[in-house]
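Report on the structure
As a plain string of letters, each chain reads:
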Amino acid sequence: MFFNQSKFKEKFSETLKAVFPILGIVLLLCFTIAPIPPSILLTFLVGAVLLIVGMLFFNVGVELSMTPIGEKVGSVITKSRNIWLMVIITFIMGVVITISEPDLQVLAQQVPSVPNLTLIFAVAIGVGIFLVIAILRMLFSRPLSQLLVFFYAIIFILTLFVPKDFLAIAFDSGGVTTGPMTVPFIMSFGVGIAAIRSDKHAEDDTFGLVALCSIGPILAVLLLGMIYMPGSTEAVSEAIPIIDNTVDMWNLFMFELPTYMEEMALSIFPIIFFYAIFQFMSRDGNKRTIIRICVGIVETYIGLVLFLTGVNVGFMPAGNYLGQTIADLPYAWIIVPIGMIIGYFIVKAEPAVFVLTKQVEEMTSGAISANAMGMALSIGVSASVGLAMIRVLTGISIMWFLVPGYFIALILTFFVPKIFTAIAFDSGGVASGPMTATFLLPFAMGACEALGGNIITDAFGVVSMVAMTPLITIQIMGVVFKVKENKLHKEAVVAMEHAPLVTAGDMDIIEL
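Residues numbered from 1 in each chain as written. Predicted model: local features only at pLDDT ≥ 70, side-chain atom pairs only at ≥ 80, totals over all residues. Heavy atoms only, no water.

What follows is about the overall build of the chain. Assigned secondary structure in the chain consists of 22 helices and zero strands. A total of 512 residues make up the chain; the buried ones form 56% of that total. Per element, the accessible surface of the chain, about 21700 Å² overall, is 70% carbon and sulfur. (Helix = DSSP H or I, 4+ residues; strand = E, 2+ residues; numbered from the N terminus. Buried < 20%, exposed > 50% of the residue type's maximum accessible area, 1.4 Å probe, protein only. Areas by Shrake-Rupley, 256 points an atom, 1.4 Å probe, with all protein chains shown as cover.)

In a pair of packed helices, the angle between the axes and the distance between the axes together describe the arrangement. At their nearest, the axes of helix α7 (residues 144-158) and helix α11 (residues 215-228) sit 10 Å apart, and the two run at 25° to each other. By the angle class used here, α7 and α11 are roughly parallel. Note that α7 runs across α11; the crossing there is left-handed. On α11, the residues that touch L148, F151, Y152, I154, I155 and L158 of α7 are I215, I218, L219, L222, L223 and M226. Of the residues belonging to the contact of α7 with α11, the class tally is 12 nonpolar, no polar and no charged. (Axes fitted to C-alpha atoms, helices over the stretch in contact; angles between N-to-C directions. Parallel < 35°, antiparallel > 145°, perpendicular 65-115°, else oblique. Left-handed = near helix turned anticlockwise from the far one by under 90°. Contact = heavy atoms within 4.5 Å. Nonpolar A, V, L, I, M, F, W, Y, C, P; charged D, E, K, R; others polar.)

With that settled, the discussion passes to the pattern of salt bridges. A pair can form between side chains of opposite charge whenever their charged atoms are brought close. This structure, assessed with the given rule, holds one salt bridge. With a shortest N-O distance of 3.0 Å, K358 and E14 are connected by a salt bridge. Of this pair, K358 sits in helix α15 (residues 351-363) while E14 is found in helix α1 (residues 5-30), placing the two residues 344 residues apart along the sequence. A relative accessible area of 24% means that K358 is categorised as partly exposed. Its relative accessible area of 17% is what places E14 among the buried residues. (Salt bridge = Lys/Arg side-chain N within 4 Å of Asp/Glu carboxyl O.)

The next point concerns the side chain of T300. Its location among the elements puts T300 in helix α13 (residues 287-327). Apart from the residues within four sequence positions on either side, T300 is in contact with F57, F58, G61, V62, S65, M66 and M181.

Let us look at the side chain of N59. Topologically, N59 is positioned in helix α2 (residues 38-64). Other than its neighbours up to four places away in sequence, N59 contacts K11, T15, P351 and F354.

What follows deals with α7. With 15 residues, α7 extends 21 Å between its outermost C-alpha atoms, agreeing within 8% with the 21 Å of an ideal straight helix rising 1.5 Å per residue. The inward-facing, buried residues of α7 contact α6 (116-140), α8 (164-176), α10 (209-213), α11, α17 (399-412) and α18 (418-431). (Expected span 1.5 Å × (residues − 1).)

In this section: the packing of aromatic side chains. Within this structure, the stated rule accounts for 14 aromatic pairs. Taking 4.6 Å as the distance between ring centres and 40° as the angle between the ring planes, the aromatic pair formed by F44 and F315 counts as tilted. You can see F44 sitting in helix α2 and its partner F315 sitting in helix α13, a full 271 residues away along the chain. Using a relative accessible area of 1% as the deciding quantity, one classes F315 as buried. Aromatic side chains F273 and F274 sit 5.9 Å apart centroid to centroid with 65° between the ring planes, which places their arrangement in the edge-to-face category. Among the residues examined, F274 registers a relative accessible area of 8% and is labelled buried. Here a set of aromatic residues connected by ring pairs shows up, and it is made of Y152, F156, F171, Y406 and F425. (Phe/Tyr/Trp six-rings, centres within 6.5 Å; stacked < 30°, edge-to-face > 60°.)

Before going further, it helps to examine a nonpolar patch on the surface. A contiguous nonpolar patch, built from I88, F91, I92, V96, L117, F121, I125 and I129 and spanning about 680 Å² of accessible area, is present on the exposed surface. At the level of elements, α4 (83-99) and α6 are the ones that each hand at least two residues to the nonpolar patch. Locating L117 in the fold gives a position in helix α6. (Patch = residues over 30% accessible without salt bridge, like charges linked within 9 Å, V, L, I, M, F, W, Y side chains within 5 Å.)

To continue, consider the environment of L42. Secondary-structure assignment places L42 in helix α2. Taking the C-alpha atoms as reference, L42 lies 8.6 Å from M249; in sequence the two are 207 residues apart. The residues contacting L42, other than those within four sequence positions of it, are T246 and M249.

Along the polypeptide, T421 turns up in helix α18. When its relative accessible area of 2% is taken as the criterion, T421 is described as buried. Note: C-alpha distance between T421 and L471 (50 residues apart in sequence) is 7.7 Å. Setting aside residues no more than four positions away along its own chain, T421 makes contact with L144, L148, T413, V416 and Q475.

This brings us to the packing of helix α16 (residues 370-394) against helix α19 (residues 434-451). Two numbers describe how α16 lies on α19: the axes approach to 9 Å, and their chain directions differ by 20°. One finds that α16 runs roughly parallel with respect to α19. α19 is crossed by α16, and the crossing has right-handed handedness. Here V385, M389, V392 and L393 of α16 lie close against α19, whose contacting residues are L440, F443, A444, A447, C448 and L451.

It is worth spelling out the confidence of the model for the chain at this point. One rule of thumb: low pLDDT means the predicted coordinates there are not for detailed reading. Model confidence for the chain is summarised by a mean pLDDT of 83, while 89% of its residues fall at 70 or above. Of all the helices and strands in the chain, helix α22 (residues 504-511) carries the lowest mean pLDDT, 47, while helix α14 (residues 335-346) carries the highest, 94. (pLDDT = per-residue confidence, 0-100.)

Time to look at the environment of F189. Among the structural elements, F189 can be located in helix α9 (residues 182-194). A relative accessible area of 1% means that F189 is categorised as buried. In this structure, the C-alpha to C-alpha distance between F189 and L209, residues 20 residues apart in sequence, is 8.9 Å.

This paragraph deals with helix α3 (residues 66-79). Taking 1.5 Å per residue, 14 residues should reach 20 Å; α3 reaches 20 Å between its end C-alpha atoms and fits that length. In terms of burial, α3 is largely enclosed, as 10 of its 14 residues are buried. Where α3 is concerned, the buried positions are M66, I69, G70, K72, V73, G74, S75, V76, I77 and T78. Taken together, the buried residues of α3 touch α2, α4, α6, α9, α12 (246-282) and α13. Phi turns positive, to about 60°, at R81, one or two residues after α3.

So this is what it looks like as structure tokens:
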């Protein structure tokens, strides 16, 4: 057995704890203030079953495959000691893996003014460049906070020259291109590179790759906005499928399943390809390890196919319809607290969140627990969804939230332990995953459509809001951690000062 029974039960329990709260909230809304057609509810429930099974397979598979693959590739590259070879291979990996990310295809279709292939390659090159920057930062042990301040300053300067209809999509791109497949690989890739370093800061520099890789897509889309200068754009929510019977519902899932099978096959192939090359170069893996990784890859693939089918077919229509129904209520303001409650729980069901919280707990030897990380992420996403719903109701520009939000986040980087800064900015990319794109975004789009707003300017931006607030909440957790650590240190010093001195006579007595 590659995965013991107790570990499997633990993963299953974690999955149920993550998914059941959001199911309970949706069902409560459906049977009280936001009734939805039985066909949409049944489709949602079937999607929830696929989501649970998919998350279980994904969590088991990632631990068996993606983590060791990323570490292997990272360590082999670093051992070569050839800086130019490392830069070239890292850039190629970043570009190829990003191109195969399914969410990037969705993003390209949301920007009609820019040719799809142009946007895809621009974003992929952006990720490749910033993955190289992230690796060089680790190798030369440069402060992450200085790089973040520098690049985000460039981003916000560029926003002054880009049409406002383009801004929300640009900031959303930073979250959607760091998906559930690329994040585990990139994070473990960083672990493999840090393992080569022997200095005391190597562990702290393990995190931060996702943070920098999230900047590339934002810069790429902003630059495209300056080149193409798109005019005012409108968008409408996708039509909600009407299901007359269970056979039609089954056919709906079966129709979409091959699409996600193909997308995930394309997404996982580059990772397998790079692993095969580096395994051949190192020739240090035993047969059992290779079989274990192959089994994990299959489980990861099955898990993501089921997960994406469930959330795209089952959750998207339910989110859209709930948003429309709640926004049509005489007390439409209630969508703000409802959105906050949904946001608090839905982040727990993001596949990559499991990977991040577990890796943080392991790399810090439990000093930063998975539960504490989960709580900080939930609070952050809850606040972000609440602010996003306020935007839907009022039409306030997203820049009124992003500018002060990132300003606070970047100021905090100078006052918290640097490992918290890296984890916080990684969390932004991890939290804004497929659950956000397939439930929260349709929820905001449905509400915006019901209120007669502009979907492009008022509904889009949910992903970027979700990516922003964890930067603040997790760094605040870092401030609390630092204060507690200083307090314990002072108490230890005081205790040492008041400890009774041992005299020579006392030593004689002890010896007797």
